[in-house]
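Examination of the molecular architecture
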Amino acid sequence: PKIRRGKEFICTISDDRGDEATYAGYPISSLATPETGFGIGDVIALLWFKKRYPKWATDYIETVLKTVADHGPAVSGAHNAKVTARAGKDMVSSLVSGLLTIGPRFGGAIDDAARYFKYANDNTMSASEFLDYMKKEGKTISGIGHRVKSVRNPDLRVSGLKKYAKAHFPQTSLLEFALEVEAITTSKKDNLILNVDGTIGVLMVDMWRSLGYAEHEIDNFIEAGTLNALFVLGRSIGFIGHILDEKRLGMPMYRHPTDDILYNVALADEI
Ligand code: ACO
Ligand code: LMR
């Protein structure tokens, strides 16, 4: 009898063995040529979720990517990318150095925002019960708060995403819940708004629910880090721009001014 050799790898998203490689069964030429009308949102739906999504959903994904592409040079990731480029490092190293700052405080709070808001919603908590729960757990609420944006200085990216969802999503129930939470947190402190990470996270859950995914499938997407990946992908566009800017400007190596550092070094005791 023929014995099949065990395979080292399994691939369920693309196939390069024919004349033309396919993404979830679709030949690249059927997606990549402008006349076909497919956008990058369709490519993401195929390669990340192995599905064709309706236009309102792929447009939402593209809106997210465009919305997070950059937020200026001062934020953690762009700053790191710029400093690395100015240390003479190459494009990939500078990009990666920027990407490595994406995490729980900066840009990478999307999965946790979706996870906790969804958890509260699944367990029919009210907004104030959710806040009590997070406090008891000793957890910062992912998706809430911003260093510079506030009720008085609203984040127009958030307004844009909400406006898109209200106009095009079949339902936005998790967004509504997150806005109830925001109403309480902003009443305590002006900058505790539903931020861009939080908005993207809850709206992705609303998108998946509207597309008919089961709750455990949505939980699996979140556990896999799918939502932070949207920020990684989008913000790479901006980081690359900042790195090219540094190369173009031929800026010298960066050294932080010592007058901006509090040196507070005591003489070490002998053990
Ligand atoms: N949940 C609960 N309390 C909060 C939160 C939050 N999400 N954010 C701030 N606070 C509280 C702090 O505990 C602190 O309280 P205290 O004054 O009683 O000590 C106060 O608000 C100020 O906190 P800071 O950390 O100084 O606030 P800052 O403005 O520096 O923080 C940050 C901004 C880092 C975004 C913060 O709000 C946070 O960690 N949020 C959660 C993570 C998150 O969503 N990050 C994504 C931001 S959007 C983006 O990066 C694209
Ligand atoms: C961002 O998109 O980088 C931000 O929301 C963070 C910031 O402080 O501007």
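Preceding this paragraph is the structure being described.
Source: prediction; values computed, not measured.

What counts, and where the lines are drawn
Residues numbered from 1 in each chain as written. Chains lettered and ligands numbered in written order. Predicted model: local features only at pLDDT ≥ 70, side-chain atom pairs only at ≥ 80, totals over all residues. Heavy atoms only, no water. 1 Å grid on protein atoms, 1.4 Å probe; cavity = no way out; pocket = protein on both sides within 12 Å on 5 of 7 lines; lining within 4 Å. Points joined across faces, edges and corners; volume = space filled by probe spheres on them. Helix = DSSP H or I, 4+ residues; strand = E, 2+ residues; numbered from the N terminus. Nonpolar A, V, L, I, M, F, W, Y, C, P; charged D, E, K, R; others polar. Near = heavy atom within 4 Å. Polar contact = N/O pair within 3.5 Å; in protein donor to acceptor, adjacent residues only side chain to side chain. Areas by Shrake-Rupley, 256 points an atom, 1.4 Å probe, with all protein chains shown as cover. Sits in = over half its atoms within 2 Å of the grid points. Pairing = 2+ DSSP bridges. Patch = residues over 30% accessible without salt bridge, like charges linked within 9 Å, V, L, I, M, F, W, Y side chains within 5 Å. Salt bridge = Lys/Arg side-chain N within 4 Å of Asp/Glu carboxyl O. Expected span 1.5 Å × (residues − 1). Buried < 20%, exposed > 50% of the residue type's maximum accessible area, 1.4 Å probe, protein only. Contact = heavy atoms within 4.5 Å. Phe/Tyr/Trp six-rings, centres within 6.5 Å; stacked < 30°, edge-to-face > 60°.

**Concerning the layout of surface pockets**
Volume-wise, the largest pocket comes out at about 1,200 Å³. Around the largest pocket, the lining comprises 36 residues; the ones closest to its centre are Arg-105, Ile-144, Gly-145, His-146 and Arg-147. Among the elements that take part in the lining of the largest pocket, helix H7 (residues 127-137) stands out by supplying 4 residues, more than any other. When its residues are assigned to classes, the lining of the largest pocket shows 14 nonpolar, 12 polar and 10 charged.

**Looking at the site of ligand 2**
Taken together, His-71, Val-75, Phe-106, His-146, Arg-157 and Arg-235 make up the full set of residues adjacent to ligand 2. In this structure, an oxygen atom belonging to ligand 2 sits 2.7 Å away from a side-chain N or O atom of Arg-235. Within the complex, the protein chains bury 82% of what would otherwise be the 270 Å² of accessible surface of ligand 2. Under a 2 Å grid-point criterion requiring more than half of the atoms, the pocket assigned to ligand 2 is the largest pocket.

**Notes on the sheet that holds strand E1 (residues 14-15)**
The antiparallel open sheet is built from 3 strands, whose spatial order is E1-E2-E3. This sheet does not close on itself; its edge strands, each paired only once, are E1 and strand E3 (26-27).

**Some remarks on a nonpolar patch on the surface**
Taken together, Val-92, Val-96 and Leu-100 make up a surface patch of nonpolar side chains, about 300 Å² in accessible area. With respect to the helices, strands and loops of the structure, Val-96 is situated in helix H5 (residues 91-99).

**Let's talk about helix H9 (residues 173-188)**
Compared with the 22 Å implied by 1.5 Å per residue over 16 residues, the 24 Å span of H9 between its first and last C-alpha is a close match. Looking at H9, one finds that the buried residues are Leu-174, Leu-175, Phe-177, Ala-178, Leu-179, Val-181, Glu-182, Thr-185 and Thr-186. Buried positions along H9 lie against helix H6 (110-122), H7, helix H8 (156-168) and helix H10 (196-210).

**Considerations on the packing of aromatic side chains**
Summed over the entire model, instances satisfying the criterion amount to 17 aromatic pairs. Taking 6.2 Å as the distance between ring centres and 65° as the angle between the ring planes, the aromatic pair formed by Tyr-26 and Phe-38 counts as edge-to-face. Linking Tyr-26 in strand E3 with Phe-38 in the loop between helix H1 (28-32) and helix H2 (40-49), this pair joins segments that are 12 residues apart in sequence. By relative accessible area, Tyr-26 is classed as partly exposed at 27%. Relative to Phe-221, the ring of Phe-49 lies with its centre 5.1 Å away and its plane at 65°, an arrangement referred to as edge-to-face. Placement of Phe-49 in helix H2 and of Phe-221 in helix H11 (residues 215-223) is noted, with a sequence separation of 172 residues between them. Side by side, Phe-49 and Phe-221 carry an identical accessibility label, which is buried. Joined through ring pairs, the aromatic side chains of Trp-48, Phe-49, Tyr-53, Trp-208, Tyr-213 and Phe-221 make up one cluster.

Note that all results are geometric; they support no functional claim without further evidence.
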